[in-house]
Structure formats: structure tokens, C-alpha cells
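# Report on the structure
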Amino acid sequence: MSLQSFRVDQTLLPRKLRRSIQRNTSFFTQRKFVPHCSTDLSTSCREEVPNYLAVNVLPDQSNTRQGAVRKVLVILNPNSGFRSSRDVFYKKVQSKLKLSGFLMEVVETAYAGHAKILASTVDLSKFPDGIICVGGDGIVNEVLNGLLGRDDFEVAIRLPIGIIPAGSDNSLVWTVLGIKDPVSAAIVLAKGGFTPIDVFAVKWIKAGVTHFGLTASYYGFVADVLELSENFRLHLGPFRYVAAGLLKFLSLPQYRFEVDYLPLSPGTNPELKPLTEKCHEQLSDDDKLRGGIHLDGRIEDSWVTRKGEFLGIFVCNHFCKPARGLLSPVIAPKAQHDDGSLDLILVHGSGRLKLFCFFVAYQLCWHLLLPYVEYVKVKQVKIRPVGNTHNGCGVDGELLRGEGKAEWQCSLLPGQGRLLGRHPGALK
Ligand SMILES: Nc1ncnc2c1ncn2[C@@H]1O[C@H](COP(=O)(O)OP(=O)(O)OP(=O)(O)O)[C@@H](O)[C@H]1O
């Protein structure tokens, strides 16, 4: 749109908005570009943005800083999901974000790990309004870890992360912001605002390596499936999980772990509740409570230990609703992204029958009723694979490989993260 035609248009606008437009127009008629944010932005492209259009497009969105420029870095994974993220972004989303005042520098990732490098090296002052990820949960996880790996991580973690869903699964944005499709995501970003979110840390204790996440970490069967699924990424895209799941189901190994967890509050410690509340016959004799119960009745933080066979262990930061699938199961129904706790689900036992029952029950949201499923809100968890058990773990769709006797520790950084946008319900 030419400047001239803009002048004609703006006469239709109220005087206050016209003034704001004049300010922005003078800024943008200088044809300002967001410069490259780091030397690593090899695939980046520069954009000029007719920002004055913002006021015309979203005039009724009270949360939008109307007329304000929002400078963001967009990191797009062209390999996400069905490899449709380019189409999703350039055809469906880019113009909407431009129109609502986003000044974007778009960078397409060229390899796995690229998003993390970008987030860890970018000049944050050039993108004060955040980083928008176009892809799946994996690319968001890379950005989070890039930000938290910086020397100035305390500042970096306050940078909001926006998500345009275009991946195999976008459980994070679906669960936390209630958004499944890219256009709705663009609208929520355009409306503005933030959603605080707890961040969890998974530390491989021996190696001193820490990986951060926003959704969940998991061990046992699901981590095994995640590893196997990478072999099928190229040919099967999002269906790789189904293929890997079936293969792993048919050749199901036994998984043995030692798990220590610190319940959120002593009152929620299952060991201190009447036995009738939960049936734990399957728990091994080694299960025990460590920690102090004082004579005066005061109960200190008490670690609980579980040992034995587990089909799976899930440590969830939110209730984890998969964005794909016919049904809408949630793995951890009591988990909230900002409740300052982690939700631990232990699927005790082994064997295909138990796993099959768990999977069916999970689809119907009945899995917590199974006698071999334990669910507890925790502050911290330590997980040690025993024997030949797969010693890696999955974090938000990324596989962390352990070596030897790996011990993983999950803990929480409450409310440290920020997602761009608010749940549509929260706006009412
Ligand atoms: N250009 C690239 N080529 C190959 N792999 C990449 C590229 N860019 C990013 N990746 C890797 O792809 C992984 C998955 O990315 P993303 O989450 O966006 O897609 P996805 O297919 O939806 O996967 P997920 O199942 O994790 O949601 C990232 O963790 C990253 O390591």
C-alpha cells in the first residue's frame, strides 16, 4: 500500500488514532529494517513492515498496543510436522502479524539445534517483544534452552515465547492457550498479553547437564518410542510415533527404575494417607518413606521412594492435551502450567496387557483409576534407571541420552517463563 493511499484511508479514523499512525508512519517511512541479530542468522530474511495497517485490522482488540511496534524474531522450522510450516507462516500467518504491528525478522532453521543457537546468541535488545516459534514443541524447547543457556539468562527468560503451531504435536500451546490452529494463534498473539508459565529443569546429575522444559519429561516406554520414532521422521512425519509405538509395543522390554519424589506437601504424601485411598499392592517391598515425622505431629518434607518395574514415568508441568487425535485425553488432569508444582504419574508394572489397558484407559481419561497407576503432585523427582533399562529421557519431544548409570532430577522454576498471548478464556 502506498503512503498516499494510506493518507486517504486514515482520514476515516478518529483523531487520536490518526496521531498514533502519524508517529508510526514517520518511523516506517524511513524504511527501517530490523538488522541481523547475530552472525548465525544465515537463512534470515529482512522484512519491511507497513505497520500503520495495524489500527485498521484489530480495532476492537483492547489488549493490543494499537499502533505500537512489536519487534520479534521469528524462528521457523521448515522440517516440522508435515513440513508445512513455511506454508502455514507465509500464507496464513505472516500478513496477520504484520497487520497487527509485528515487525519481524524471520529465520528458518537449517539444522537440528539451530534454534537453540539462535536463542542463545541473539541480541535481545533488537527483539524486545519476544521470539515466535513456528513449528512443534521441539523448536519451542530449543528456544527455551537457548535462552536459559545464556550468560544473561535471568533477563533472557523474561523474553516471551510465541508459538505458531505447525508441528507434529503442539501440546503446549493447545493445553495452555487453548489454541490448535495457526490462524487462531496469530490472533491471540495480535491481541497481546503474556501467560506466565512454570519452567522445569531436568538435570543429569552425574554429568551436571541441565535441560529445561515446559511440558513434560518422561521415562520408560514413551522415551523408548521417542528414540525409535526419529528413524521414521523423514518418511512418516507425525505418524512416526504410531509406527514406533507399535513396534516398541511388540518388542516391549522391561523397564526398572528407582524413583524418589518429594510430595508437594506432606498432606499429599500418599504414604501418610489411609491405605483405602489408593491401592498399591503392586508396589515392591522396598518402597519406603524417608524423612521425618516429628513427635509433635509436624511433618517435614519427606522423600518417598518407589522401586521396581514401571511401564512409564511422566513428570508433567501442565495437563498435556495432545493437539492431534480423535479423543482429547489428558495425562495429568490436575496439572496447571502455573501452579508451582509438577505432577508425577507412575505406571507400575510391566507387560503388554497392562500397557494396552493403560493406553485404552488414557484415551478415555480413566487411566488414573487403574490400580497400578499412581498420581501425585510433587516438588521434585529423582529417577534412576536400573540394569539395562533405557537410560534416556524425553523432554518436550526431545530425547536426552544418558550414559552408564544416569540419574535424572526434575525440579521446578515456578513462573519463570512467559508465553506470548493469553488464553482466550482469560481475556473475558
Ligand atoms: N532444519 C532442520 N532440519 C532438521 N531438523 C531440524 C531443523 N530445524 C529443527 N530441527 C529439529 O527438529 C526437531 C523437531 O522440531 P519441531 O518440534 O518443530 O517439529 P515436530 O515435527 O513437530 O516435532 P515434535 O514432535 O517435537 O513436535 C527440533 O527439535 C529440532 O532439533
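Below you will find a few notes about this structure. (Residues numbered from 1 in each chain as written. Predicted model: local features only at pLDDT ≥ 70, side-chain atom pairs only at ≥ 80, totals over all residues. Heavy atoms only, no water.)

With that settled, the discussion passes to the site of the ligand. With respect to spatial proximity, 22 residues lie near the ligand, and among them Ser80, Glu142, Ser168, Tyr241 and Glu398 are the closest. In the environment of the ligand, a nitrogen atom lies 3.3 Å from a nitrogen or oxygen atom belonging to the side chain of Asn79. Here an oxygen atom of the ligand and a side-chain polar atom of Glu398 are 2.7 Å apart. Within the complex, 89% of the 620 Å² of free accessible area of the ligand lies under protein. Elements supplying a minimum of two residues to the shell around the ligand: α6 (137-148) and α12 (240-250). No other element matches α6, which puts four residues into the shell around the ligand. For the shell around the ligand, the residue count by class is five nonpolar, eleven polar and six charged. (Near = heavy atom within 4 Å. Polar contact = N/O pair within 3.5 Å; in protein donor to acceptor, adjacent residues only side chain to side chain. Areas by Shrake-Rupley, 256 points an atom, 1.4 Å probe, with all protein chains shown as cover. Helix = DSSP H or I, 4+ residues; strand = E, 2+ residues; numbered from the N terminus. Nonpolar A, V, L, I, M, F, W, Y, C, P; charged D, E, K, R; others polar.)

Moving on, we get to the side chain of Thr305. With respect to the secondary-structure elements, Thr305 resides in strand β11 (residues 304-316). Judged by its relative accessible area of 3%, Thr305 falls in the buried class. Among the polar contacts listed, one links the side chain of Thr305 to the side chain of Asp260, at a separation of 2.8 Å. (Buried < 20%, exposed > 50% of the residue type's maximum accessible area, 1.4 Å probe, protein only.)

In a pair of packed helices, the angle between the axes and the distance between the axes together describe the arrangement. Packing of helix α5 (residues 114-121) against α6 brings their axes to within 7 Å, and their N-to-C directions diverge by 35°. Seen along the crossing, α5 lies across α6 with a hand that is right-handed. Here His114, Ala115, Lys116, Ala119 and Ser120 of α5 lie close against α6, whose contacting residues are Ile139, Glu142, Val143, Asn145, Gly146 and Leu147. Partitioning the contact of α5 with α6 into residue classes produces five nonpolar, four polar and two charged. (Axes fitted to C-alpha atoms, helices over the stretch in contact; angles between N-to-C directions. Left-handed = near helix turned anticlockwise from the far one by under 90°. Contact = heavy atoms within 4.5 Å.)

So, about the packing of helix α10 (residues 221-229) against α12. α12 packs onto α10 with a crossing angle of 120° between their chain directions and a minimal axis gap of 8 Å. Taken together, the axis directions place α10 and α12 in an arrangement best described as oblique. Where α10 crosses over α12, the two elements pack in a sense that is right-handed. Together, Phe221, Asp224, Val225, Leu226, Leu228 and Ser229 of α10 and Arg240, Tyr241, Ala244, Gly245, Leu247, Lys248 and Phe249 of α12 make up the contact between the two elements. A class-by-class count of the residues in the contact of α10 with α12 yields eight nonpolar, two polar and three charged. (Parallel < 35°, antiparallel > 145°, perpendicular 65-115°, else oblique.)

Okay, the environment of Ser171 next. Following the sequence through the fold, Ser171 ends up in helix α8 (residues 171-177). Owing to a relative accessible area of 7%, Ser171 belongs among the buried residues under this scheme. A C-alpha to C-alpha distance of 18 Å links Ser171 and Ala201, two positions 30 residues apart in sequence. Ignoring any residue separated from it by four or fewer positions in sequence, one finds Ser171 in contact with Asp137, Thr215, His318, Cys320 and Lys321.

With that out of the way, let us pick up α12. Where α12 is concerned, the buried positions are Arg240, Ala244, Gly245 and Lys248. The buried residues of α12 occupy an angular sector of 125° when the element is viewed end-on, so they sit on one face. Set apart from the buried face of α12 by more than 90 degrees, the exposed residues are Val242, Leu246 and Leu250. (Arc of directions from axis to C-beta.)

Of note, Lys116 is situated in helix α5. With relative accessibility at 38%, the residue Lys116 sits in the partly exposed group. Residues Lys116 and Asn141 lie 25 residues apart in sequence; the distance between their C-alpha atoms is 8.3 Å. Aside from chain neighbours lying at most four places away, what touches Lys116 is Glu142, Asn145 and Gly146.

This part covers the pairing of strand β6 (residues 194-204). Counted residue by residue, β6 has eight buried out of eleven residues, so it is predominantly covered. For β6 and strand β16 (residues 408-420), the ladder comprises ten bridges, and the chain directions are antiparallel. Within β16, the position partnered with Ile197 by the bridge is Gly417. Note that β6 and strand β7 (residues 209-213) share five bridges and pair antiparallel. Bridged to Trp204 within β7 is Val209. Here β6 folds back onto β7, and the loop between the two strands holds four residues, one of which, Gly208, carries a positive phi near 70°. (Pairing = 2+ DSSP bridges.)

All right, on to the pattern of salt bridges then. Enumeration according to the criterion identifies 13 salt bridges in this entry. The shortest N-O distance in the salt bridge between Glu309 and Arg256 comes to 3.8 Å. Taken together, the residues Glu309 in strand β11 and Arg256 in strand β9 (residues 256-263) connect sequence positions 53 residues apart. With relative accessibility at 25%, the residue Glu309 sits in the partly exposed group. For Arg256, a relative accessible area of 38% translates into the label partly exposed. The shortest N-O distance in the salt bridge between Arg384 and Asp260 comes to 3.2 Å. With Arg384 in strand β13 (residues 373-385) and Asp260 in strand β9, the pair connects residues that are 124 residues apart, well separated along the chain. Each member of the pair, Arg384 as well as Asp260, carries the same accessibility label: buried. (Salt bridge = Lys/Arg side-chain N within 4 Å of Asp/Glu carboxyl O.)

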